[in-house]
Amino acid sequence: MKTIVLFDGVCNLCNGIVRFIVRCDPQGRFRFASQQSEVGRELLRKHGLLEAQSIVVLEGGRVYLESDAALHIFYRLGGAWRLLCALRVIPKPLRDRAYRFVAGKRYRLFGRLEQCATPTPELRRRCL
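Draft legend 1. Structural detail: the pairing of strand β4 (residues 62-65). With four bridges joining them, strand β3 (residues 56-59) and β4 adopt antiparallel strand pairing. Considered in β4, the bridge of V57 is made with Y64. Connecting β3 to the next strand, β4, in antiparallel fashion are two residues, including G60 with a positive phi near 55°.

In structure tokens:
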């Protein structure tokens, strides 16, 4: 089963997360689309999302947002990364508040690109 990650293509943090996922996923289970792309906008619209604050994960008809999206990525990466899923013991409202705090400051903390980053050849093969 493929996991689709919709990310903010102008966010340096989000682009770094995508590069991290590609490095940790040699099996190629993840596929990617920037939210600014035509495919990304269509997938957001299809799932009733007008605009996402950062990463959205789609898998098997389910939509994962905020901290659930991040934890699902760790779960799908497998191995030692699954240990981070223990963070689910933290109540979702607290996890999501922390997630929104970082997401709301991501441009200030990590910078912003003028346009979507040019994907590496490996990432280009995984883009929708």
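Draft legend 2. Representation of the sheet that holds strand β2 (residues 30-34) within the structure. Pairing in this open sheet of four strands is mixed, and the strands run β2-β1-β3-β4 from one edge to the other. Each edge of the open sheet is held by one strand with a lone partner, namely β2 and β4. Across the sheet, the mean angle separating the axes of adjacent strands is 20° when strand polarity is ignored. Taken together, the three bridges between strand β1 (residues 3-7) and β3 define a ladder with antiparallel strand orientation. Considered in β3, the bridge of I4 is made with L58. Packing against the sheet, helix α3 (residues 66-77) makes contact with β1, β2, β3 and β4, and its axis sits at approximately 110° to β4.

Draft legend 3. Just the environment of R97, in detail. Examined against the element boundaries, R97 turns out to sit in helix α4 (residues 92-110). According to the relative accessible area criterion, R97 is exposed, its value standing at 55%. Distance in space between the C-alpha atoms of R97 and E66 is 9.0 Å, their sequence separation being 31 residues.

Quick notes on the rules
- Residues numbered from 1 in each chain as written.
- Predicted model: local features only at pLDDT ≥ 70, side-chain atom pairs only at ≥ 80, totals over all residues.
- Heavy atoms only, no water.
- Pairing = 2+ DSSP bridges.
- Helix = DSSP H or I, 4+ residues; strand = E, 2+ residues; numbered from the N terminus.
- Axes fitted to C-alpha atoms, helices over the stretch in contact; angles between N-to-C directions.
- Contact = heavy atoms within 4.5 Å.
- Buried < 20%, exposed > 50% of the residue type's maximum accessible area, 1.4 Å probe, protein only.

Keep in mind these numbers describe shape, not what the thing actually does.
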